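# Notes for the structure review
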Amino acid sequence: MVLKGLSGGQYQPLSRGQIKTIHEASLTILERTGFSYESGLDDTLGMLKDAGIRVDHQRSRIFFPKGLVMEQAAKAPERVVLFSRDGKNDLDLSEDRVHMGTGGAAIKIIDLETGEARPSTLNDLYQLGRLVDQLDNVHFFLRPCIPTDISAEAYDVNVFYTCLKATGKHVMAGVNDVEGLNRVLDIAAMVAGGREKLRQRPLISVITSFAISPLKLDTQTTIIMQEAVRNHIPVALSCAPMAGSTSPITMAGTLAQIHAEQLAGVTICQLTNPGAPLLYGGIPGMANLTTMGYLGGAVECGMMNAAIHQLADYVKVPNYNSSGLTDAKVPDAQAGWEKATTSLLAAMGGSNYVHHAAGMLESMIAVAYEQFVMDDEIIGMCCKVLKGIEVDSEHLALDAIDSVGPGGNFMTSPHTLKYMRDEFFSGNGVTDRKSRDKWAREGSRDSWTRAREMVKKMLDKKEKSYIPNNVDRAIHEKYNILLS
Amino acid sequence: MYDFKPIADALIGCDKPKVLELVQSALDRGVAAKEILNDGLIAGMDIVGEKMENEDMFIPEVLMAAKAMGAAVNILKPLLAATDMKARGKVVIGTVRGDLHDIGKNLVAMMLESAGFEVHNLGVDISADKFIEEISVNNAEILCLSALLTTTMPMMKETIDQVVEKGLRDKVKILVGGAPVTQNFADKIGADGYAPDAGSAVKLAKALL
């Protein structure tokens, strides 16, 4: 059962009128309040001024005229296709088509053997890539953790290389600087078979968190974003304010601010390279008001992430957002309910590229191998909802009902045999549906234990490299590859 | 003895007009400014800090209390002798080079200030050299380094290394913080302490001096 790219949109938290109201508010924010910046963006500011955008150097403010913003937003493609190398997981990001996968930059992982949190490593990233490659409902591999065992200078090349080697699904990550971006583009081009092929079938894309909420440009990342856009590599314009600290406490205010930040990012990208593919990257979040940390698992995160897709859809740009975060520290019941709720809402909202949806714990701080297996199950169920209920003559089964007749049963009906594998979601095996007796005989294993056993089986399988040997050798000769 | 509890209570209740009114009425009754500061305001803020750490108070409330405290101190300032105003300690705080995030760091700065520290908040994207210069100029006893990005965390180590190189390491206690920072990381880079939130940062700063 393919549960990828199905259409959401069944849950629309904002009415058409509310979408318009928020959109207008966002344009007002850009025109009246504007964006601020720090030093190092002279070229970007020059480009904006040439386009007719007012830059007040004394106050370090950029004021975007409404008309100009909409003119630029109209240049962004309505559809962005991100490619896989396994032939099964190309992502058609358009309209309300839903894709869900991993994401984050966790620095801790729950150790598979000890069950304790420890710093995540490059090998963890590789093993998680191999695991995700085998999980059918995880549609892409956005690096879920940071390899804390290698130096920051080695991140960019090694993160992308490791992901590309471990899985054939689409790979996304961020980079630290422009040099890193260029190295990553070079490696991706080697894997793709040349720059032009990479451009036509982008097998990687780049997260560019250009905005520091509220309404401030991050110098380094803005420059990276523009460089990626010049190279026609799809970028996700990530901005992730927290309601109550870096955006208003109210959901409407947070959505308006995020939409403004996104429109500014889209404007900068389209002025840099008109028509360049990008993903609207508003990620509404919430502050934990007692600690000011990030609240991941709140139900409002699910509501706002559905709403933000409506705003992206309003300006006709595919969107990147978030679901499946939890504030639980281990794969427990709280993790289950928070993930299921936020992921279902984001999926039913029609979000195009939902990251964080597999593996995360402790908000964005940790991942667990077992959690990826559990979340594969949750994503599958969410996407099954999108499939809806088919009502045609075959599915209505009038002939079957007639032939079974009153008082009969459907267990041996050919109609049952025909549809029994497809009509219900079957899952990856982590869900327990056994009788209590059988469950007890098999060791009364809870979901965490069952998932752990599945992970071990999947990681014990023979390793498979998604980078051809000759290309792999060439990459090793050119770059300092640390994956052993 | 004068009852300072209402002042502390008003502060904990984030009621700025009430705090100012009570401070003024204490002054009118001839209570020494120094006593109002120590037994009323700082005592109140200590409780706010505790409540914050226990998650009994929302941070926006804590900040409102800190603002009320600041306004009250402004009334008292002209009446306090220089010796009365002696800070609990001098702190230099900033976000390390390459990192432009400042909300968490500002929260820590405000809380330290409210707890009676003299705080020099340098801002964001601060080089090791700048930190070192400010430590010397201000005779700081505590250096607080902040980073939000995993990619700028290494700058914390570099800054500490520079402090060591310049021979200032014995002079200052170094605290680190920020979302991705852990106790483990703090130990590894040779910091004196790590705090997961602003309330604990204040507690730690007090304990270290």
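Reference entry: report on the structure contained in this document. Given the structure is predicted, the values throughout are model-derived calculations rather than measurements.

## Things to note about the overall build of chain B
Summing up its helical and strand segments, chain B has nine helices and five strands in all. Along chain B, helices and strands appear, N-terminal first, in the series α-α-α-α-β-α-β-α-β-α-β-α-β-α. The C-alpha radius of gyration of chain B comes to 18 Å, within 12% of the 17 Å expected for a compact globule of 209 residues. When the backbone C-alpha atoms are referred to their principal axes, chain B occupies close to 55 × 35 × 25 Å. Across chain B, the fraction of contacts at a sequence separation of at least 24, relative to all contacts at a separation of at least 6, is 72%. Of the accessible surface of chain B, which amounts to about 9,500 Å², a share of 52% is contributed by carbon and sulfur atoms.

## What about the interface of chain A and chain B?
If you look at the interface, chain A gives 19 residues, while chain B gives 17 residues. Around 1,500 Å² of area is buried between chain A and chain B when both sides are counted, 71% of it from carbon and sulfur atoms. Where chain A touches chain B, the interface holds three residue pairs in polar contact (both at pLDDT 80 or more).

## Some details on the nonpolar core
Nonpolar side chains tend to gather and get buried jointly when the protein is soluble and globular. One finds Phe35, Ile62, Leu131, Ile204 and Tyr353 of chain A together with Leu41 of chain B to be the most contacted residues of the largest nonpolar core, which totals 206 residues. If we ignore the near neighbours within four places in the chain, the residues touching Ile204 of chain A are Phe160, Leu164, His170, Val171, Val184, Leu185, Ala188, Leu198, Ile233 and Pro234 of chain A. With 25 residues, the next largest nonpolar core counts Leu145, Met153, Val181 and Ala186 of chain B among its residues.

## As for the side chain of Ser351 of chain A
All names here are of chain A. Position of Ser351 among the secondary structure elements: in the loop between helix 11 (333-349) and strand 22 (353-358). Residue class for Ser351 comes out buried when judged on its relative accessible area of 0%. Among the polar contacts listed, one links the side chain of Ser351 to the side chain of Asn321, at a separation of 3.0 Å. For Ser351, the contacting residues outside a window of four places in its chain are Arg97, Val98, His99, Asn305, His309, Asn319, Asn321 and Ala346.

## Let's talk about the packing of helix 1 (residues 5-12) of chain B against helix 3 (residues 33-53) of chain B
The axes of two packed helices give the description: the angle between them and the distance between them. Residues and elements named next belong to chain B. At their nearest, the axes of helix 1 and helix 3 sit 8 Å apart, and the two run at 40° to each other. The angle between the axes of helix 1 and helix 3 places the two elements in the oblique class. Handedness of the crossing formed by helix 1 with helix 3: right-handed. Across from Ile7, Ala8, Leu11 and Ile12 in helix 1, the residues of helix 3 making contact are Ile36, Gly40, Leu41, Gly44, Met45, Ile47, Val48 and Lys51. Taken together, the residues that form the contact of helix 1 with helix 3 break down as nine nonpolar, two polar and one charged.

## Thoughts on the pairing of strand 18 (residues 278-282) of chain A
Residues and elements named next belong to chain A. In terms of residue burial, strand 18 counts as a mostly covered element, since five of its five residues are buried. Of the two faces of strand 18, the one lined by Leu278, Tyr280 and Gly282 and the one lined by Leu279 and Gly281 are each fully buried. Of the pairings in the sheet, the one linking strand 16 (residues 235-239) to strand 18 comprises five bridges and is parallel in character. Within strand 18, the position partnered with Val235 by the bridge is Leu278.

## Quick word on the packing of helix 1 of chain B against helix 2 (residues 16-28) of chain B
All names here are of chain B. Two elements in contact, helix 1 and helix 2, have axes whose closest approach is 8 Å; the angle formed by their N-to-C orientations is 160°. By the angle between their axes, helix 1 is roughly antiparallel relative to helix 2. Here the hand of the crossing between helix 1 and helix 2 comes out left-handed. Within the contact between the two elements, helix 1 uses Pro6, Ile7, Ala10 and Leu11 and helix 2 uses Lys18, Val19, Leu22 and Val23.

## Let's talk about the pattern of salt bridges
Residues and elements named next belong to chain B. Under the counting rule described, the total for this entry stands at 26 salt bridges over all chains. The shortest N-O distance in the salt bridge between Arg88 and Asp46 comes to 3.8 Å. Placement of the pair is Arg88 in the loop between helix 4 (59-76) and strand 1 (90-95) and Asp46 in helix 3, with a sequence separation of 42 residues. Using a relative accessible area of 38% as the deciding quantity, one classes Arg88 as partly exposed.

Conventions adopted
Sequence order as written defines residue numbering, which begins from 1 separately in each chain. By the order in which they are written, chains take letters starting at A while ligands take numbers starting at 1. Given that this is a predicted model, residues contribute local features only at a pLDDT of at least 70 and side-chain atom pairs are listed and counted only at 80 or more, while totals for whole chains, interfaces and linings are drawn from all residues. Side-chain measures here rest on the full set of heavy atoms in the structure, leaving out hydrogens and waters. Here a helix means four or more residues in a row that DSSP labels H or I, a strand means two or more in a row labelled E, and each is numbered from the N terminus. We compute the radius of gyration from the C-alpha atoms alone; for a globule the expected value is 2.2 Å times N to the 0.38, where N is the number of residues. By the convention used here, residues are in contact when the closest approach between their heavy atoms is within 4.5 Å. Method for areas: the Shrake-Rupley scheme with a 1.4 Å probe, in which residue coverage is limited to the protein chains shown. The quantity reported as buried area is the accessible area (1.4 Å probe) lost by two parts once they are put together, taken as the sum for both. Polar contacts here mean pairs of N or O atoms no more than 3.5 Å apart (in protein, one a potential hydrogen donor and the other a potential acceptor; neighbouring residues in sequence count only if both atoms are side-chain atoms). As used in this record, nonpolar core signifies buried Ala, Val, Leu, Ile, Met, Phe, Trp, Tyr and Cys residues forming a set joined through side-chain atoms within 4.5 Å. The buried label goes to any residue with under 20% of its type's maximum accessible area, the exposed label to any with over 50%, and the partly exposed label to all in between, with areas taken from a 1.4 Å probe on protein chains only. Under this scheme, a helix contributes an axis fitted over its contacting stretch, all axes are lines through C-alpha atoms, and angles between N-to-C directions fall in the 0 to 180 degree range. Every angle not falling under 35 degrees, over 145, or within 65 to 115 is termed oblique; those three ranges are roughly parallel, roughly antiparallel and roughly perpendicular. Each crossing gets its handedness from the near helix: less than a right angle anticlockwise from the far helix is left-handed, clockwise is right-handed. The classification used treats Ala, Val, Leu, Ile, Met, Phe, Trp, Tyr, Cys and Pro as nonpolar, Asp, Glu, Lys and Arg as charged, and all other residues, Gly among them, as polar. Here, strands pair whenever DSSP counts at least two bridges between them. Any Lys or Arg side-chain nitrogen found within 4 Å of a carboxyl oxygen on Asp or Glu counts as a salt bridge.

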